Amino acid sequence: RTMGKGKMTKEKAQQCLKALDEKDEVLRCYSASSIAKLLDITARTWRNWVQDGQAPLPLDKWKGQPRWRHTDLKKWLDAKSRSEQFMEQFNYGE
């Protein structure tokens, strides 16, 4: 299954981690579109990654929309920024 175009590098994951750290909003939850903007992908790609088990499951829904915790995203990005194999899967469509 094609998950859509997108490119994630270790540097990009580290930039995203830094951006999350700067927000210092540990209790904040993010929508799919907010995460997609942070990762420079489409919301559809993010939802596909979640559905395919490539990204964390949402915590819960707020007003009918799934939300992801700040801490969950940070842990996921941290783990993924350290994994060569994971990062290579983002370089599709080149």
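Refer to the structure above for everything that follows.
Presented here is an overview of the structure given in this document. (Residues numbered from 1 in each chain as written. Predicted model: local features only at pLDDT ≥ 70, side-chain atom pairs only at ≥ 80, totals over all residues. Heavy atoms only, no water.)

## Some thoughts on the overall build of the protein
Part 1 of the reasoning: Across its full length, the protein holds five helices and three strands.
Part 2 of the reasoning: When the helices and strands of the protein are read in sequence order from the N terminus, they spell out α-β-α-α-β-β-α-α.
Part 3 of the reasoning: The 94 residues of the protein split such that 35% are buried.
Part 4 of the reasoning: Considering only contacts in the protein between residues 6 or more positions apart, those separated by 24 or more positions represent 65%.
Part 5 of the reasoning: Accessible surface, the protein: about 6,100 Å² in total, of which carbon and sulfur atoms supply 46%. (Helix = DSSP H or I, 4+ residues; strand = E, 2+ residues; numbered from the N terminus. Buried < 20%, exposed > 50% of the residue type's maximum accessible area, 1.4 Å probe, protein only. Contact = heavy atoms within 4.5 Å. Areas by Shrake-Rupley, 256 points an atom, 1.4 Å probe, with all protein chains shown as cover.)

## Overview of the environment of P58
Part 1 of the reasoning: Looking at the element boundaries, P58 is found in the loop between α3 (43–51) and β2 (60–62).
Part 2 of the reasoning: Beyond its immediate stretch of four places on either side in the chain, P58 contacts V50, P66, R67 and W68.

## Considerations on the packing of helix α2 (residues 32–39) against α3
Part 1 of the reasoning: Where α2 contacts α3, the axes come no closer than 8 Å and their chain directions differ by 105°. Viewed along their axes, α2 and α3 adopt a mutual orientation that is roughly perpendicular. On α3, the residues that touch A32, S33, I35, A36 and L39 of α2 are A43, W46, R47 and W49.
Part 2 of the reasoning: A per-class count over the contact of α2 with α3 returns seven nonpolar, one polar and one charged. (Axes fitted to C-alpha atoms, helices over the stretch in contact; angles between N-to-C directions. Parallel < 35°, antiparallel > 145°, perpendicular 65-115°, else oblique. Nonpolar A, V, L, I, M, F, W, Y, C, P; charged D, E, K, R; others polar.)

## A short note on the nonpolar core
Most often, soluble globular proteins keep nonpolar side chains buried together rather than apart.
Part 1 of the reasoning: Counting residues in each nonpolar core, the largest one holds 19 residues, and the members touching the most others are L39, W46 and L77.
Part 2 of the reasoning: Secondary structure elements with two or more residues in this core: α1 (10–23), α2, α3 and α4 (70–81).
Part 3 of the reasoning: Residues within four places of W46 in sequence aside, it is in contact with A32, I35, L39, I41, A55, P56, W68, L73 and W76. (Core = buried A, V, L, I, M, F, W, Y, C linked by side-chain atoms within 4.5 Å.)

Everything listed here is a matter of coordinates, which is why it stays silent on function.
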